[in-house]
Amino acid sequence: MPAARQTTRNKSTRAPRSLVAFERRGAISLLRLERPEKRNALSDTMVQELDARLGALPEGVKALVLHGAGRHFCAGLDLAELAERSAAEGVAHSRMWHRIFDRIQFGSVPVVAVLHGAVVGGGLELASCAHVRVAESSAFYAFPEGQRGIFLGGGGSVRVPRLIGAHRVADMMLTGRVLSAEEGHAAGIASYLVRAGEGLAKGIELARRIASNAPATNYALMHALPRIAELGQDAGLLMESLMAGIAQSEPEAKKRMRDFLEKRASKVKRRG
Ligand code: 1HE
């Protein structure tokens, strides 16, 4: 067979490269954005792969760590795919991201996002779906949508103002302001700020701690708490009572309470 034809045949039989790596580590799993040459820019294929991974978590996985390969967490939407989209296609695309990003926020297990380098545009929208965020000192945050002539589309106008306030999101989009890791930490994007290279270890440590919680507690924190926070006081207090009653009636909760009363469980300790 001539060399050129052989190359074509080899290409067509090669399995498509995975853009989201999955690694099981006992009760937790790691999901890694795996497109470093494009700074983990989110192509449609990549977002759908993320969706598929989330939808097929193996039995026994109780928490996830989401992180990015290479020097950046995520450069946001793959701009190369945006160019030819009509208005209707743009709406459908944004709704597709909403559906998949909702699956992160309101999925089956809590997610710890480990942020480093660029966490921009759709990358910050993705990070805002996680339940806990750890940032390395290299992290920086921006919404270049303002400069690109577009708007948020991955839930950023809903989730990020709830973390840092609409005024900061407006500032970032209107002026192109880039927040440093320290500014993002102070503003409320990340709850933990660690040195460069230490984010993944911290994220894994936190995910393991989360995985050891009673399932009903993690469920309440993922599904009830954010909804209660959006309710008026009256309905919020009622929903809190309902969730509290359900959680404390679980056998696992009863066991944990007995363990404490019978001196088998750890006490709350002051840090340091
Ligand atoms: C990309 C993308 C991308 C990099 N789409 N290809 N997001 C942005 O507007 C951010 C655009 N990216 C950047 O500002 C920079 O790339 C970074 C600060 C993230 C990283 O800089 P650097 O110097 O490490 O990398 P680079 O040389 O700029 O990029 C390396 C390659 O990645 C290069 O391609 P190459 O073929 O020339 O090697 C870049 O073109 C490519 N690349 N970012 C496509 N985003 C649902 S609404 C959400 C809306 C948004 O997210 S808008 C914000 C988009």
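Residues numbered from 1 in each chain as written. Predicted model: local features only at pLDDT ≥ 70, side-chain atom pairs only at ≥ 80, totals over all residues. Heavy atoms only, no water.

Caption draft 1: Quick look at the packing of helix α6 (residues 156-164) against helix α7 (residues 166-175). In the contact formed by α6 and α7, the axes pass within 7 Å of each other and the chain directions differ by 115°. Contacts between α6 and α7 involve Val160, Pro161 and Ile164 from the former and Ala166, His167, Arg168, Val169 and Met172 from the latter. (Axes fitted to C-alpha atoms, helices over the stretch in contact; angles between N-to-C directions. Helix = DSSP H or I, 4+ residues; strand = E, 2+ residues; numbered from the N terminus. Contact = heavy atoms within 4.5 Å.)

Caption draft 2: Seen up close, the site of the ligand. Taken together, 23 residues sit near the ligand, with Lys38, Ala75, Leu77, Gly122 and Arg148 positioned nearest. His72 is positioned with one of its side-chain polar atoms (N or O) 2.9 Å from an oxygen atom of the ligand. In the environment of the ligand, a nitrogen atom lies 2.7 Å from a nitrogen or oxygen atom belonging to the backbone of Ala75. Coverage of the ligand by the protein chains reaches 67% of its 1000 Å² of free accessible surface. Those elements that provide at least two residues to the shell around the ligand are β5 (118-120), α4 (122-127) and α5 (145-148). (Near = heavy atom within 4 Å. Polar contact = N/O pair within 3.5 Å; in protein donor to acceptor, adjacent residues only side chain to side chain. Areas by Shrake-Rupley, 256 points an atom, 1.4 Å probe, with all protein chains shown as cover.)

Caption draft 3: Focus on the pattern of salt bridges. According to the stated counting rule, one finds 17 salt bridges in the structure shown. Where Arg256 meets Glu252, a salt bridge forms, and the shortest distance between an N and an O atom there is 2.6 Å. Of this pair, Arg256 and Glu252 both sit in helix α12 (residues 251-261), four residues apart, which is roughly one turn of that helix. Residues joined in a network through salt bridges with shared partners are Lys255, Asp259, Glu262 and Arg264. (Salt bridge = Lys/Arg side-chain N within 4 Å of Asp/Glu carboxyl O.)

Caption draft 4: How the structure looks around the layout of surface pockets. Quantified by volume, the largest pocket comes out at close to 770 Å³. Lining the largest pocket are 30 residues, with Gln105, Ala130, His131, Leu221 and Pro226 sitting closest to its centre. Residue assignment for the lining of the largest pocket shows that the elements contributing at least two residues are α3 (87-105), β6 (132-136), α6, α9 (199-211) and α10 (215-228). Among the elements that take part in the lining of the largest pocket, α10 stands out by supplying six residues, more than any other. Residue assignment places the lining of the largest pocket across two domains, with domain 1 (20-211) and domain 2 (215-261) each supplying three or more. By volume, the second largest pocket is sized at about 380 Å³. (1 Å grid on protein atoms, 1.4 Å probe; cavity = no way out; pocket = protein on both sides within 12 Å on 5 of 7 lines; lining within 4 Å. Points joined across faces, edges and corners; volume = space filled by probe spheres on them. Domains from an automatic or database assignment.)

Caption draft 5: Spotlight on the domain arrangement of the protein. Along its sequence, the protein is organised into domain 1 (20-211) and domain 2 (215-261). When each unit is reduced to the centre of its C-alpha atoms, the spacing between domain 1 and domain 2 is 27 Å. The three residues of domain 1 that bury the most area against domain 2 are Phe106, Pro110 and Arg162, which together make up 58% of that side's buried surface. Note that Arg162 is salt-bridged to Glu230, the shortest N-O span being 3.1 Å. (Buried area = accessible area lost by both parts, 1.4 Å probe.)

Caption draft 6: Focus on empty space enclosed by the protein. Applying the stated criterion to the full structure yields one cavity of 30 Å³ or more. Roughly 40 Å³ of volume is contained in the largest cavity. Contributing to the lining of the largest cavity are Leu31, Leu50, Leu54, Leu64, Val65, Leu66, Ile104 and Val111. Elements supplying a minimum of two residues to the lining of the largest cavity: α2 (44-55) and β3 (63-68). At three residues, the largest contribution of residues to the lining of the largest cavity is made by β3. Here the residues of the lining of the largest cavity sort into eight nonpolar, no polar and no charged. (Nonpolar A, V, L, I, M, F, W, Y, C, P; charged D, E, K, R; others polar.)

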